Amino acid sequence: MGSVWSRLGAKVTVVEFLDQIAFPADKDVSTQFQKILKKQGLNFEMKRKVTAADIGEKSITLHTEAAAGGKPKSFEADVVLVSVGRKPYTKGLGLDNVGVKVNERGMVEVDEHLRTNVDNIYAIGDVVPGAMLAHKAEEEGVAVAETLAGGVGHVNYGAIPSVIYTSPEVAWVGQTEEELKAAGIKYKAGKFPFMANSRARANLSTDGFVKVLTDAETDRVLGAHIIGDAAGDMLQALVAIIEYGGSAEDVYRTCWAHPTVVSAPGFNVFVFVCYCFALI
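Just so you know, the residues in each chain are numbered from 1, in the order the chain's sequence is written. Side-chain atom pairs in this predicted model are given and counted only at pLDDT of 80 or more, local residue features only at pLDDT of at least 70, and totals for whole chains, interfaces and linings cover all residues. Heavy atoms throughout the structure, all of them, feed into the side-chain values; hydrogens and water do not.

Undergrad: Could you give an account of the overall build of the protein chain, naming the residues involved and the relevant values?
TA: Secondary structure follows DSSP: runs of H or I at least 4 residues long count as helices, runs of E at least 2 residues long count as strands, and numbering of each begins at the N terminus. Across its full length, the protein chain carries nine helices and ten strands. With the principal axes as the frame, the protein chain shows a C-alpha extent of 65 × 55 × 35 Å. A 1.4 Å probe rolled over the protein chains alone gives each residue an accessible area, and that area as a share of the maximum for its type sets the label: buried under 20%, exposed over 50%, partly exposed in between. Considering the protein chain as a whole, with its 280 residues, one finds that 38% of them fall into the buried category. A separation of at least 24 residues holds for 49% of the contacts in the protein chain among residues at least 6 apart in sequence. Accessible area of the protein chain: about 16400 Å², with a carbon and sulfur share of 54%. Only four residue types enter the charge count: Lys and Arg as positive, Asp and Glu as negative, with His and the chain ends excluded. Note that the charge is assigned to NZ on lysines, CZ on arginines, CG on aspartates and CD on glutamates. One finds the centroid of the 28 positive side-chain charges in the protein chain at a distance of 8 Å from the centroid of its 34 negative side-chain charges. Any two residues whose heavy atoms approach within 4.5 Å at even a single point are treated as in contact. Accessible surface is estimated by sampling points in the Shrake-Rupley manner with a 1.4 Å probe; for residues, cover comes only from the protein chains shown.

Here you go:
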């Protein structure tokens, strides 16, 4: 919403506790995202925490200090948008009456089949652990329906896409480069800028890039990260690749219509694979 108000002419300041915005997006993506938003006029105060807010008749004074402790700094604003996450809506549902357990955050505890501790009660969506996304909830609903019908319900949480609906959009699926490093997984990374995509140039929307991460030994696609116009739409092809365990070779052997913006993921992986096999 901050980016929307900025484009409508408002002066927007983002106060962020962490050292990067859009966590847990890939660091490359969040860094580029912040640069683009700065160009649009947004101001960022990183590694700062809010300590108090004074609400006046016509304005709000927000008091902050460095996240690690330090010199305080205050901001005056007409409106303050608090965006620090959400919590499950389980209070007042009567879960105690039927014995359904919740964790310390108020989320319903479920097993791998989304069954609660009460055998005939299942839970999905925003009331269970995991990303609070409509499409994630839908996948869980389908899995429960399959289970109840006597089948085997399953949700591949490693193939659930995330999208930030700004301009440009940010979208990703699978693991980030930081997660792969932390897990000690050997990987290869390929990146393709939209500046080199003819359709993006024709549309005057060259900000951003496509980044694909693959297993260094098996070539399996482990993560895909996009920042650019319609990134959420472009990502879906790579979501499918990750869902069925596809490789970078599968992507580059797919014929991508040209000129389209969606051909960027394909060309990105084509260049990446060719480089890895010393063909270019």
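What follows continues from the structure just given.
Undergrad: Give me the lowdown on the side chain of T166, citing residues and values where you can.
TA: Mapped onto the elements of the fold, T166 is located in the loop between β6 (162–164) and β7 (169–174). With sequence-adjacent residues up to four places away left out, T166 is seen in contact with S3 and F33.

Undergrad: Requested: an account of helix α2 (residues 27–39), with residues and values cited.
TA: If you check α2, its first and last C-alpha atoms are 19 Å apart, about what 13 residues at 1.5 Å a residue would give, namely 18 Å. Of the positions making up α2, those classed as buried are V29, S30, F33, Q34, I36 and L37. With its buried residues spanning 165° around the axis, α2 presents them on a single face. In this structure, the buried side of α2 is in contact with α1 (2–7), β2 (43–45), β6, β7, β9 (209–215) and β10 (221–228). Two N or O atoms form a polar contact when they lie within 3.5 Å of each other; inside protein one atom must be a possible hydrogen donor and the other a possible acceptor, and for residues adjacent in sequence the pair counts only when both atoms belong to side chains. Where α2 begins, the capping side chain belongs to D26, and its oxygen is found 3.0 Å from the backbone nitrogen of D28. Multiplying one less than the number of residues by 1.5 Å gives the expected span of a helix. Working definition: the arc comes from the directions between the helix axis and the C-beta atoms, pointing outward to the latter.

Undergrad: Any chance you could break down the pairing of strand β3 (residues 48–55) for me, citing the residues and the numbers?
TA: When β3 meets strand β4 (residues 60–66), the two strands line up antiparallel, connected through seven bridges. By the bridge assignment, A52 is partnered in β4 with H63. Paired strands, in this sense, are two strands between which DSSP finds at least two bridges.

Undergrad: With reference to specific residues and values, describe the nonpolar core.
TA: Think of a nonpolar core as a cluster: buried Ala, Val, Leu, Ile, Met, Phe, Trp, Tyr and Cys residues, connected wherever their side-chain atoms sit within 4.5 Å. By size, the foremost hydrophobic cluster in this structure holds 20 residues, and its most contacted members are V173, F194, V221, I226 and L235. Looking at this core, the elements with two or more residues in it are β7, β9, β10 and α7 (231–243). Top contributing element to this core by residue count: α7, with seven residues. In this structure, L235 is in contact with P161, S162, A171, W172, V173, A224 and I226, ignoring residues within four places of it in sequence. With 13 residues, the next largest nonpolar core counts V12, V29, L42 and W172 among its residues.

Undergrad: Outline empty space enclosed by the protein, supporting the account with residue identities and numerical values.
TA: Throughout, the protein atoms alone are placed on a 1 Å grid, and a set of points is a cavity if a 1.4 Å probe fits but cannot get out or a pocket if it is open with protein on both sides within 12 Å along at least five of seven lines; lining residues have an atom within 4 Å of a point. Grid points are joined across faces, edges and corners, and a volume is the space filled by probe spheres set on the points. Throughout the structure, instances matching the rule amount to one cavity of 30 Å³ or more. Roughly 40 Å³ of volume is contained in the largest cavity. Looking at the largest cavity, the residues that line it are F194, A200, S205, G228, D229, M234 and V261. Side-chain classes are defined by residue name, with Ala, Val, Leu, Ile, Met, Phe, Trp, Tyr, Cys and Pro counting as nonpolar, Asp, Glu, Lys and Arg as charged, and the others, Gly among them, as polar. The residue makeup of the lining of the largest cavity, split by class, is four nonpolar, two polar and one charged.

Undergrad: I'd like to hear about helix α4 (residues 134–148), residue by residue, with values.
TA: In this model α4 runs 21 Å from its N-terminal to its C-terminal C-alpha over 15 residues, within 8% of the 21 Å that 1.5 Å per residue would give. Those residues of α4 that sit buried are K136, A137, E140, A143 and V144. Seen end-on, α4 carries its buried residues on one side only, within an arc spanning 120°. Of the residues in α4, the exposed ones pointing more than 90 degrees away from the buried face are A134 and E138. G150 sits one or two residues past α4 and shows a positive phi near 95°.

Undergrad: Please provide a residue-by-residue account of the pattern of salt bridges, values included.
TA: Within this document, salt bridges are pairs made up of a side-chain nitrogen of Lys or Arg and a carboxyl oxygen of Asp or Glu, the two lying within 4 Å of each other. Per the stated rule, a full pass over the model turns up eleven salt bridges. With its nearest N and O atoms 3.8 Å apart, the salt bridge here joins K39 to D207. In this pair, K39 is assigned in helix α2 and D207 in the loop between α6 (198–202) and β9, connecting sequence segments 168 residues apart. Owing to a relative accessible area of 34%, D207 belongs among the partly exposed residues under this scheme. The salt bridge involving R253 is made with E249; its shortest N-O contact spans 2.7 Å. In this structure R253 comes out as exposed when scored by relative accessible area, which is 59%. By relative accessible area, E249 is classed as partly exposed at 33%.

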